[in-house]
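Results of the structural survey
Next come the chains, spelled out residue by residue.
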Amino acid sequence: MRRACPSLQSTGRSGSSRCSGTMAGPASTDLGRALCVITGASRGFGRAIARDMSRLVKPGSALVLTARSAEDLRSLQVELAESEAGRAGLLLRCVAADLSRQDGLESIVRAAKEAFCEDMDHVVLVNNAASLGDVSRLASSFSDLTEVDSYLSLNVGSALCLTAAVLQAFPRRAGRRRCVVNVTSLCALQPFSSWVLYCTGKAAREMTFRVLAEEEPDLRVLNYSPGPLDTAMQAQARSTTADPGVRESFLDMFAGGRLLSCEASCAKLMTVLLEDRYTSGAHVDVYEL
Ligand SMILES: NC(=O)c1ccc[n+]([C@@H]2O[C@H](COP(=O)([O-])OP(=O)(O)OC[C@H]3O[C@@H](n4cnc5c(N)ncnc54)[C@H](OP(=O)(O)O)[C@@H]3O)[C@@H](O)[C@H]2O)c1
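Residues numbered from 1 in each chain as written. Predicted model: local features only at pLDDT ≥ 70, side-chain atom pairs only at ≥ 80, totals over all residues.

Quick look at the overall build of the chain now. Within the chain, the secondary structure is distributed over nine helices and seven strands. Taking 19 Å as the expected radius of gyration for a compact globule of 289 residues, we find that the chain reaches 18 Å, a close match to that expectation. Projected onto its principal axes, the C-alpha positions of the chain cover 55 × 40 × 35 Å. Within the chain, buried positions represent 44% of all 289 residues. Across the chain, contacts joining residues at least 24 apart in sequence account for 80% of those joining residues at least 6 apart. (Helix = DSSP H or I, 4+ residues; strand = E, 2+ residues; numbered from the N terminus. Rg over C-alpha atoms; globule rule 2.2 N^0.38 Å. Buried ≥ 20, exposed ≤ 12 C-beta atoms within 10 Å, placed from the backbone. Contact = placed C-beta atoms within 7 Å.)

Given below as C-alpha cells:
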C-alpha cells in the first residue's frame, strides 16, 4: 500500500487551531513597525518569508536575515534594497551564522539588538531554518550518539536557544507585540519510515513552542506547517529517502505537480499572522487554510 507523504496529508485538527486567539476583529493589513528576524533566509521558504515580510512591515522597520551562506543572503539583501520597501528605508541586516554554534546564535541576537529601534512596536522571530538529516537509513542504524545529538542540537536546541535569547533581548513591554513562528511539518505529528531524525526533531521542536505558549501568555506563538514545498529539501527527500513507499510518494508529488510553491504557502502564513486569530501554540497546517 502506498503511504501518505510527509507534509502532504492534512492533520485533521482544523478548526481548533485558528479561531480562539486574540480578539476577533478585522485583519490587519500590515505587521506594524517591526523587527523581523528570519532564520534560513538564504533560500527556499525562508527567502519567501523575507520577501513577504519586507512588503508587510511599515516604514521604520528592520529585517535581520540569517543563514550560513553569506552570498545568498547578500543577493537577497540587494534584491530587497531595490524593492519599494527598501527604497523607503527598510533596514536590512544579513548575518552569516551557523545556528548550531553558540557564537552563531549570539551574532544573530547582537544584530537584532543593533537593528532595533525603540519606536518599533512588533518583534517577530521566524524559526524557519532546519535540516532534513540522513533519511537514507532506518532508525535502527542510528547508534552514534554524536550524530544524533548534532542533528537535534541544530533542529531543536538552536530554535529554543535563539528564541529564548531574543525574548530576553526584547522583554515584554507595554505597547510591544511579540510573535514567534516555528516552521513545523506534518512530521511533528506523524511517523514516517526512514525519517527518524526529522520526525523526532520536528515533534520535539513543536513541543518546545507549545510549552513557550503556555508559559508566556502575552507572546503569540505559531507552529506553521507549510506543506510539501518545491525546495532543495524536497529534492533531497526525493533522492535519498530509504523507504521505497515514502520515496515514491515524493516522486509522485513532484511528477504530478503537487508541490506547493514557497510563495503560495508563505502567502497563507502571512494571512494567519495578519488575522492574528490562531490559538497561541497551535499547529496550523497550510491545508486547513
Ligand atoms: N520543503 C518542504 O517540503 C517542507 C515541508 C514541511 C516543512 N518544511 C520546513 O520548512 C522550513 C524551510 O525548509 P526549506 O524546504 O526551505 O529548506 P531548505 O531549502 O533546505 O532551506 C533550509 C534553510 O535553512 C538554513 N540552514 C540549514 N542549516 C543551517 C545551519 N546549520 N545554520 C544556519 N542556517 C541553516 C539554510 O541556509 P544555509 O545552507 O545557507 O545555512 C536554508 O536557508 C524547514 O523548517 C523545513 O523543515 C519544509
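This part is about the pairing of strand 6 (residues 220-225). For strand 6, the tally of buried residues reaches six of six residues, placing the bulk of the element in the interior. Here strand 5 (residues 177-183) pairs with strand 6 via five bridges, running parallel. Across the sheet, residue Val 180 finds its bridge partner in strand 6, namely Val 221. The β-α-β motif built from strand 5, the intervening helix 6 (residues 196-215) and the parallel element strand 6 has right-handed crossover chirality. Summarising the sheet, strand 6 and strand 7 (residues 283-285) pair through three bridges and their orientation is parallel. Residue pairing across strands places Ser 225 opposite Asp 285, the latter belonging to strand 7. (Pairing = 2+ DSSP bridges. Right-handed = clockwise from strand over helix to strand, strands pointing away.)

What follows is about the sheet that holds strand 6. Pairing within the open sheet is parallel, and its seven strands lie in the order 3-2-1-4-5-6-7. A single partner strand is all that each edge strand has here, and the edge strands are strand 3 (91-96) and strand 7. Mean inter-strand twist for the sheet, computed between neighbouring axes without regard to direction, equals 20°. In this structure, strand 4 (residues 122-127) lies alongside strand 5, joined through six bridges in parallel fashion. Within strand 5, the residue paired with Leu 125 across the bridge is Val 180. Seen against the sheet, helix 5 (residues 145-169) touches strand 1 (34-39), strand 4 and strand 5 and runs at an angle of roughly 170° to strand 4. (Axes fitted to C-alpha atoms, helices over the stretch in contact; angles between N-to-C directions.)

Surveying the vicinity of the ligand reveals 28 residues, the closest of which are Gly 40, Gly 44, Arg 68, Ser 69 and Thr 231. Looking at the shell around the ligand, the elements that each hand over two or more residues are helix 1 (44-56) and helix 7 (232-240). (Near = placed C-beta within 6 Å.)

Here the focus is the packing of helix 4 (residues 102-115) against helix 5. Put simply, helix 4 and helix 5 touch, their axes get as near as 10 Å, and they point 30° apart. Relative to helix 5, helix 4 is oriented roughly parallel. Judged by the sense of rotation from one axis to the other, the crossing of helix 4 with helix 5 is right-handed. Contact residues: Leu 105, Ile 108, Val 109, Ala 112 and Lys 113 in helix 4; Ser 158, Cys 161, Leu 162, Ala 165, Val 166 and Ala 169 in helix 5. (Parallel < 35°, antiparallel > 145°, perpendicular 65-115°, else oblique. Left-handed = near helix turned anticlockwise from the far one by under 90°.)

Attention now moves to the UniProt feature "domain: Ketoreductase" (unreviewed entry) in the chain. The feature "domain: Ketoreductase" (unreviewed entry), as annotated in UniProt, sits at residues 34-195 in this numbering. This span, residues 34-195, is 42% helix and 19% strand, and a straight line between its end C-alpha atoms measures 36 Å. (UniProt positions renumbered as here; feature names shortened; annotations may be inferred.)

Below, the discussion takes up the nonpolar core. Most often, soluble globular proteins keep nonpolar side chains buried together rather than apart. Of all hydrophobic cores here, the largest spans 78 residues; its most connected members are Val 37, Ile 38, Leu 63 and Leu 65. Here the element with the most residues in this core is helix 1; it accounts for six residues. Those residues in contact with Leu 65, other than ones at most four positions away along the chain, are Ile 38, Ala 41, Ala 50, Leu 73, Leu 76, Gln 77, Leu 92 and Cys 94. (Core = buried A, V, L, I, M, F, W, Y, C linked by C-beta atoms within 7 Å.)

On to the packing of helix 5 against helix 6, then. Contact geometry for helix 5 and helix 6: axes closest at 9 Å, N-to-C directions at 15°. One finds that helix 5 runs roughly parallel with respect to helix 6. Here helix 5 runs over helix 6; the crossing is right-handed. Across the interface between the two elements, Tyr 151, Leu 152, Asn 155, Val 156, Ala 159, Leu 160 and Thr 163 of helix 5 pack against Leu 197, Gly 201, Ala 204, Arg 205, Thr 208 and Leu 212 of helix 6. For the contact of helix 5 with helix 6, the residue count by class is eight nonpolar, four polar and one charged. (Nonpolar A, V, L, I, M, F, W, Y, C, P; charged D, E, K, R; others polar.)

Right, let's talk about the environment of Cys 187 for a bit. Mapped onto the elements, Cys 187 comes out in the loop between strand 5 and helix 6. C-beta crowding within 10 Å serves as the criterion here: with 20 such atoms nearby, Cys 187 is assigned to the buried category. Counting along the chain gives 137 residues from Cys 187 to Ala 50, while the straight-line C-alpha distance between them is 24 Å.

On to the confidence of the model for the chain, then. This prediction gives the chain a mean pLDDT of 93; 92% of its residues lie at or above 70. Below a pLDDT of 50 lies the segment residues 1-16, which in the model reaches 36 contacts outside its immediate sequence neighbourhood of four places, other chains included. (pLDDT = per-residue confidence, 0-100.)

Next up on the list: the pairing of strand 4. In terms of burial, strand 4 is largely enclosed, as six of its six residues are buried. Residues His 122, Val 124 and Val 126 line one face of strand 4 and the alternating positions Val 123, Leu 125 and Asn 127 line the opposite face, and both faces are buried. As paired elements, strand 1 and strand 4 share five bridges and run parallel to each other. Within strand 4, the position partnered with Cys 36 by the bridge is Val 124. Since strand 4 and strand 5 lie parallel, the crossover through helix 5 that links them has a hand, and here it is right-handed.

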